[in-house]
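Structural description and commentary
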Amino acid sequence: MRYFLSIIGIIGAYFLLRYRERVGDLIGEADWMNKVGGVYNLIIFCAVLLFFWSIAELTGTTDALFSPLLYLFPGTHQAVAP
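Rules and cut-offs
- By convention here, each chain's residues receive numbers from 1 onward along its written sequence.
- Where totals are concerned, whole chains, interfaces and linings use all residues; where local detail is concerned, this predicted model gives features only for residues with pLDDT of at least 70, and gives and counts side-chain atom pairs only at 80 or more.
- Side-chain numbers come from the whole structure's heavy atoms, not from hydrogens or water.
- The way it works is that DSSP assigns letters per residue, a run of H or I at least four long becomes a helix, a run of E at least two long becomes a strand, and they are numbered from the N terminus.
- Each residue's exposure class comes from its accessible area (1.4 Å probe, protein chains only) as a fraction of the maximum for that residue type: buried when under 20%, exposed when over 50%, partly exposed otherwise.
- Contacts between residues were defined by any pair of non-hydrogen atoms, one from each residue, lying within 4.5 Å.
- For a helix, the expected span equals 1.5 Å multiplied by the residue count minus one.
- In this context, the arc is that of the directions from the helix axis out to the C-beta atoms.
- When two rings of Phe, Tyr or Trp (its six-membered ring) have centres within 6.5 Å they constitute a pair, described as stacked for plane angles under 30 degrees, edge-to-face for angles over 60, and tilted for the intermediate range.
- Each axis is a line fitted through C-alpha atoms, taken for helices only over the stretch in contact, and angles between the N-to-C directions span 0 to 180 degrees.
- Each angle gets one of four labels, with under 35 degrees taken as roughly parallel, over 145 as roughly antiparallel, 65 to 115 as roughly perpendicular, and the rest as oblique.
- Should the near helix be turned counterclockwise from the far one by less than a right angle, the crossing is left-handed, whereas a clockwise turn marks it as right-handed.
- Residues are grouped as follows: Ala, Val, Leu, Ile, Met, Phe, Trp, Tyr, Cys and Pro are nonpolar; Asp, Glu, Lys and Arg are charged; all remaining types, including Gly, are polar.
- Think of a patch as exposed residues, more than 30% relative accessible area, with no salt bridge, where like charges cluster within 9 Å and nonpolar side chains (Val, Leu, Ile, Met, Phe, Trp, Tyr) cluster within 5 Å.
- Accessible surface area values rest on a Shrake-Rupley calculation with a 1.4 Å probe, where residue burial reflects the displayed protein chains alone.
- Here, a salt bridge means any side-chain nitrogen of Lys or Arg that lies within 4 Å of a carboxyl oxygen of Asp or Glu.

Below, the discussion takes up the side chain of S6. Topologically, S6 is positioned in helix 1 (residues 2-18). Take S6: its relative accessible area is 4%, and that puts it in the buried class. If sequence neighbours within four positions are ignored, S6 has contacts with S54, E57 and L58.

Written as structure tokens, this is what we have:
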């Protein structure tokens with residue numbers, strides 16, 4: 001099931017990029033989207049994130065993909081002993 005959903009994620013990312021204008025018109029544009037470049041750039045960011053997440057799920061390396069994000073939240077990374 002993991003492989004099937006990963007393949008669907010890769011295909012979904014492709015279609016998000018291909019039809020980003022239609023998807024952007026369907027979603028609409030909010031004020032906060034202007035800070036990231038508009039609705040079309042937000043869709044591109046989401047499609048790239050979905051693609052890399054799907055590849056990481058296929059290869060079993062999601063922990064390596066998301067490990068840098070752990071440093072953004074306090075209490076999630078191990079303290080280094082002196």
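When the terminal C-alpha atoms of helix 1 are compared, their 24 Å separation across 17 residues agrees well with the 24 Å that a helix rising 1.5 Å per residue should span. Inspection of helix 1 places S6, G9 and A13 among the buried residues, and these make up the whole buried set. Buried residues of helix 1, seen end-on, are gathered within an arc of 50° and therefore sit on one face of the element. The outward face of helix 1, more than 90 degrees from its buried face, is lined by the exposed residues F4 and R18.

Attention now moves to the packing of aromatic side chains. Inspection of every chain in the model, using the stated rule, returns four aromatic pairs. Ring geometry for F15 against Y19: centres 6.0 Å apart, planes inclined by 10°, an arrangement best described as stacked. Judged by its relative accessible area of 38%, F15 falls in the partly exposed class. Judged by relative accessible area, which is 32%, Y19 ranks as partly exposed.

A separate point is the packing of helix 1 against helix 3 (residues 39-59). Across the interface, helix 1 lies against helix 3 with an axial gap of 8 Å and an inter-helix angle of 155°. As judged from the angle between their axes, helix 1 and helix 3 are roughly antiparallel. Between helix 1 and helix 3 lies a crossing of left-handed hand. Contacts from R2, Y3, S6, I7, G9, I10, G12, A13, L16 and L17 in helix 1 reach I43, I44, A47, L50, F51, S54, I55, E57 and L58 in helix 3. Class assignment of the residues belonging to the contact of helix 1 with helix 3 gives a composition of 13 nonpolar, four polar and two charged.

Residue placement: S54 occurs in helix 3. Non-local contacts of S54, meaning those with residues more than four positions away in its chain, are made with S6, G9 and I10.

Taken together, the side chains of V48, L49, F51, F52, W53, I55 and L65 define a hydrophobic patch exposed on the protein surface, amounting to about 600 Å² of accessible area. Looking at the element boundaries, I55 is found in helix 3. A relative accessible area of 32% means that I55 is categorised as partly exposed.

Keep in mind these numbers describe shape, not what the thing actually does.
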